[in-house]
Structure formats: structure tokens, C-alpha cells
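Survey of secondary and tertiary structure
What follows is the residue order along each chain.
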Amino acid sequence: MVLFNVSRVETAPFDGQKPGTSGLRKKVKVFKQPNYLENFVQSTFNALTPQKVRGATLVVSGDGRYFSKDAIQIIIKMAAGNGVRRVWVGQNGLLSTPAVSAVIRERVGVDGSRATGAFILTASHNPGGPNEDFGIKYNMENGGPAPEGITDKIYESTKTINEYLTADLPDVDITAIGVTSFGGPDGQFDVEVFDSASDYVKLMKSIFDFESIQKLLSSPKFTFCYDALHGVAGAYAKRIFVEELGAQESSLMNCVPKEDFGGGHPDPNLTYAKELVARMGLGKSNSEVEPPEFGAAADGDADRNMILGKRFFVTPSDSVSIIAANAVDAIPYFSAGLKGVARSMPTSSGLDIVAKNLNLKFFEVPTGWKFFGNLMDAGLCSICGEESFGTGSDHIREKDGIWAVLAWLSILAFKNKENLGGGELVTVEDIVRNHWATYGRHYYTRYDYENVDAGAAKELMAYLVKLQSSLAEVNEIVSGIRSDVSKVVHADEFEYKDPIDGSISKHQGIRCLFEDGSRLVFRLSGTGSEGATIRLYIEQYEKDPSKTGRDSQDALAPLVAVALGLSKMQEFTGRSAPTVIT
Ligand code: VG1
Ligand code: CO
């Protein structure tokens, strides 16, 4: 057994190591500065407290983006230095974010141990490569992201840190499955490298009826494709869709994980998942090659999903509503009923209506998956989602891109149980249109203004914070811009009190709620690595079934004009158009 010594290394604080919506995300160049990563990792250990860290079993892996391999070696050495007992690493350092959550909750190590937490190395949907982004976040024993109580402590520690602990271990081979043991001042330290997919695949098989999905996928009527955008989802897609469910290998697009995601944005939306959008025939009334019936994409760390039908886009807000409305019938895991449902504040109110109709508990939380965890731990929520292509359930404590695809395939399999032999296929579009006919439709769009000057973004938000306090003033401006939109009946800066631990999260975005159920939301992104990103969320509710088939951007045009005018977007930012529209 190789022996190691522990040393204390002197360091000094870096500015700006405040974890955002989902961990710390910065340019690789920033992370590569000597001690930058080390400071954050040590601050995390400090926040967790030495008592919790000593003897712990930690997972360390990520989406495989550039700098991950170096970071894993650094963290292994620091873990040993801080008295951690074991580090678990997915083979080649790869684990999707949902798989990390599953591993914490489900996996038993070769020596019978269980994980107590994880460092996830990802900047999620942000691009990767030497000039792009890296990220790190810590997940807790329940498999979910550290709550604000912990991330605040981490940040506090980064401001005063003056030393970190590390061990003089050799680099560990993370390409081969197996355990490497070392001996340190506190005793044994193990690094266990394990298969990245098997725990996750096992969990998925316990949730869904794989046999019925397999029947759907093997039917000549049904065609399928999946785009991993060169993120870590590729490692799971092959195992699940091809090996377990029998999909054609050719249905997988960009499923080889790459350090730079092939130079693209690993962000599954209509702007960045171009190849998939073209293959699915969106925006075209006919095409030479008939598009598949179903297409989906994931982001870099595979916690996001985009669901498409043939020439048809499913908004993420509709997706969570439809999954919730069909889960009990179509997914064995939910057959005993749903405990409740939840959505993030900017997500459309579609889920509220499903909850009301099905008599389910309902929660509205701030943006970021960490807020769902407490509800799930308390047994109050089974299915939840965000408008930002995040959908998931209480099987883990992260959103789950592949789970969402399996949920949709399950619903399609259920609706087509009797149709696969003969009869017309019930398509993705049919399912969505039927949902609208039952529950009404929430026309929805999000405008992102990326990399805006940080000062200008702050000013815009400060202006809106002030404006929302006077409803009369808001309505005067609104009616001045468009006389055909309804009245604003409530405006506020969203604040959330966690019903379980009573913690309060303030400044979670500005909301304007209209008399007819429409909503406008304005907030600043907490995941960018440069400048600021302003997000504008626009939603309009249409109950009349004869009016639910309109073009979304047409239907929303009046409210878009109001949102732009009300926020003085161009005046503050100098931008005449958003960077991304979803
Ligand atoms: C964005 C999304 C949010 C999501 C977060 C992390 O945050 O809006 O809904 O939870 O990204 O997703 P923000 O603060 O930039 O709006 V992921 O897949 O990047 O971990
Ligand atoms: Co992600």
C-alpha cells in the first residue's frame, strides 16, 4: 500500500467564489489559477465541518468537460488530506448529475460503504473547453444540491481561507474499474472507480416498464432519436436506449462525450440543438426525409431534457404538466398515486391546473433544483419541473434528462398500447393537444439577454423592484403600451419560505400577475460565468379549446411588447433583441 503525508498549503482568498443557482461556474482560465479550485474545495470541507468530513465517503465525477480530469486528481488528494475515508469516481470521471444523485442514494461500495456526499464537476449547459466554462457543486447525503445554508457557509469560508489540506498521493488511474488503497496519518484511504451507468440503469428499470417501452421502440410505426450534444448523456443513452430498449444505434446523435462538447453549447433548446431540430423537421411543413415521431436532447450533465414530436416542440412547462397528468397510469413507480407536484416560480402555471384538477398538493419554489429536495424528503412532492428544460421526480434529488425521456416514452407506450398492431399512432403532438383541450393552454416563451453589462442588468432589476411596488403605475405603463392586454392584479418580488425548515429566500425575481391568468417574470440568471444574463418569462393562459392552436409567438406578441416596454429593456441594456428565445 502506498503511504502518504498530509500538508497544509498556504493560500489567500479569491473574490467571487459565491455559488450561484447551481454551484460555482467560471471560465476554465479562472479555475486554473493556482489554488482557485483548492480554495473552493477546502471551503466546502470547512462548511461541512471536519467532523462530517473525516471518515466520509465522497463521490467525485462530472460531465467530463475540459479540466475535469485535473480537478478530480486535485480533489482526491485534498479529500485524503482532510481525512475522507473513500472517494468514489465514475469510470473516466464520468457521471451525469442525476447519476451522481442516484449513486449517493442507491449505491453500495465494494466494501459495503454508502456515499455521504459528492462533488459534481460540471457547468451544465454552459460550453466547455480551454476558453469556456468549468464548474463545481456539492451535493448532500440526500443526493440533492447543498441548500443555501451550506452554500452561504462555503462562500463565507472562501472569503477568509488561508490554508488548505492536501496529501502527497500519486495520481490515481481513473480509467480502470477497481479500488486503489493508500495509507495516511489517519489510516486507510481508498479510491474506488466504478461503472458510470450501471447504478443509474438499475434505478431506471425499477421505475419504468421497460418491456412496454421496448414494444413501442420496436414498432415500425414509431421512430425515435436522441441527441446528447456530446455531453455525458451519451454514456447512458447507448446503454439504455440501444442496449436495454432496442433502439437503433443510428437513432443516437452526438452521443460520444467530448471535453468541449464538439465546440457547441450543450444546451437542449431550439437554438442550440440545431441538428436535432432540423432532423425533427421543426419549422418545415414537409421534408424530403420523414422526421422521427419522437426526438429528445440533453444538456452537458444530462439533467436537462428537450422533448420534440414530429415537427412539434413541447414546452418544458407543458412537459411537466403532461407527465404529472399521466404518471399514475403510465409509470409503475407512480401507480399508487402522486404525493404532490411542484414547479419553479417562472415555470408556467399549467401544473397548478393539473394539481387542482387531480386534487394534488402543489408548491411553487424559487428557481434551482435545491428547493425541491426538502419537499421530496418530507414526502410532499413526487414530480416537479422547471421551464428551463428540467423535469424530474423524487426517485433522486436532481432533475433528470433521461428519466424525462423515459417518462414520455412510457406515456406514448401507454396511449398506444392497443394501436401498435393496427390503428393510428397517438403522437406526441396528439398528447399535447389533448392536454390543452382538457386543461387549457399556457402559451409560453422565455427571452434571454446573455452577457449583458452587469451594472446595466442590476439597474434594470432595481428599476423593476421599485416599479412593482405601485400597481397603479404598472398598469398605467401597461395600458399605455397595449390596450388589449388585461390588468395587472398583483406584482411583487418573489420570496420563498421553505415549508419544511422555514428558511427564507429573498429576491427571487419580479412577478406581474394579470387578471386573465397571464404572467410576466423578470429575473437575473445565477449560472452565467461572465457579465449578467437577464431572463424574461412570458405566459398567457387560454382556456377556450377553440383558441389553443395558435402560433405561440403570435399569441404572445402583445405581452412581449408589454414586457419589453415595462422593463425598458433596450434603454437599460442597449439590446434590441434577445440572444436566445425559447
Ligand atoms: C438556470 C435555470 C434554472 C436551472 C439552473 C441550473 O438557472 O433557469 O431553472 O435550475 O439553470 O440548471 P439561472 O439562474 O441561470 O436562470 V443546469 O442544467 O445548468 O444545472
Ligand atoms: Co444541467
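Calculation rules
Residues numbered from 1 in each chain as written. Chains lettered and ligands numbered in written order. Predicted model: local features only at pLDDT ≥ 70, side-chain atom pairs only at ≥ 80, totals over all residues. Heavy atoms only, no water. Phe/Tyr/Trp six-rings, centres within 6.5 Å; stacked < 30°, edge-to-face > 60°. Helix = DSSP H or I, 4+ residues; strand = E, 2+ residues; numbered from the N terminus. Buried < 20%, exposed > 50% of the residue type's maximum accessible area, 1.4 Å probe, protein only. Lys NZ or Arg CZ within 6 Å of the ring centre and 35° of its normal. UniProt positions renumbered as here; feature names shortened; annotations may be inferred. Axes fitted to C-alpha atoms, helices over the stretch in contact; angles between N-to-C directions. Parallel < 35°, antiparallel > 145°, perpendicular 65-115°, else oblique. Left-handed = near helix turned anticlockwise from the far one by under 90°. Contact = heavy atoms within 4.5 Å. Nonpolar A, V, L, I, M, F, W, Y, C, P; charged D, E, K, R; others polar. Polar contact = N/O pair within 3.5 Å; in protein donor to acceptor, adjacent residues only side chain to side chain. Pairing = 2+ DSSP bridges.

A word on the packing of aromatic side chains. For the coordinates displayed, the defined rule picks out 22 aromatic pairs. Aromatic pair F4 and F189: ring centres 6.2 Å apart, planes at 80°, arrangement edge-to-face. Within this pair, whereas F4 is found in the loop between β1 (2-3) and β2 (6-10), its partner F189 is found in strand β10 (residues 187-194), the two being separated by 185 residues in sequence. Arranged with centres 6.3 Å apart and planes meeting at 55°, the rings of F208 and W403 form a pair that is tilted. Taken together, the residues F208 in the loop between α7 (198-207) and α8 (210-218) and W403 in helix α14 (residues 401-415) connect sequence positions 195 residues apart. Of the two residues, F208 and W403, neither departs from the other in class, the shared state being buried. Chaining the aromatic ring pairs together yields one cluster made of F14, F31, Y36, F67 and F134. Positioned above the aromatic ring of W88, the side-chain terminus of R107 is 4.6 Å from the ring centre. A cation over an aromatic ring shows up here: R441 above the ring of W436, its NZ or CZ 3.8 Å from the ring centre.

Here the focus is the UniProt feature "domain: Alpha-D-phosphohexomutase alpha/beta/alpha" (unreviewed entry) in the protein. Following the UniProt record, the feature "domain: Alpha-D-phosphohexomutase alpha/beta/alpha" (unreviewed entry) maps to residues 17-164, 199-308 and 317-418 here. End-to-end, the C-alpha atoms of residues 199-308 are 27 Å apart, and along that stretch the chain is 33% helix and 14% strand.

Below, the discussion takes up the packing of helix α11 (residues 316-330) against α14. Packing of α11 against α14 leaves a shortest axis separation of 10 Å and a crossing angle of 55°. Classified by the interaxial angle, the pair formed by α11 and α14 is oblique. Taken as a pair, α11 and α14 cross one another with a handedness that is left-handed. In contact with S319, I322, I323, N326, D329 and A330 of α11, α14 contributes W403, A404, A407, W408, S410, I411, F414 and K415. Considered class by class, the residues forming the contact of α11 with α14 number 9 nonpolar, 3 polar and 2 charged.

Below, the discussion takes up the side chain of S61. The residue S61 is located in strand β4 (residues 57-62) in this model. For S61, the side chain forms a polar contact with the main-chain nitrogen of G90, separated by 2.9 Å.

Turning our eyes to something else, we now look at the pairing of strand β11 (residues 224-227). Judged by which residues are buried, β11 turns out to be covered on both faces: F224 and Y226 on one side and C225 and D227 on the other are all buried. Across 2 bridges, β11 lies against strand β12 (residues 252-253) in parallel orientation. What sits directly across from Y226, in β12, is L252.

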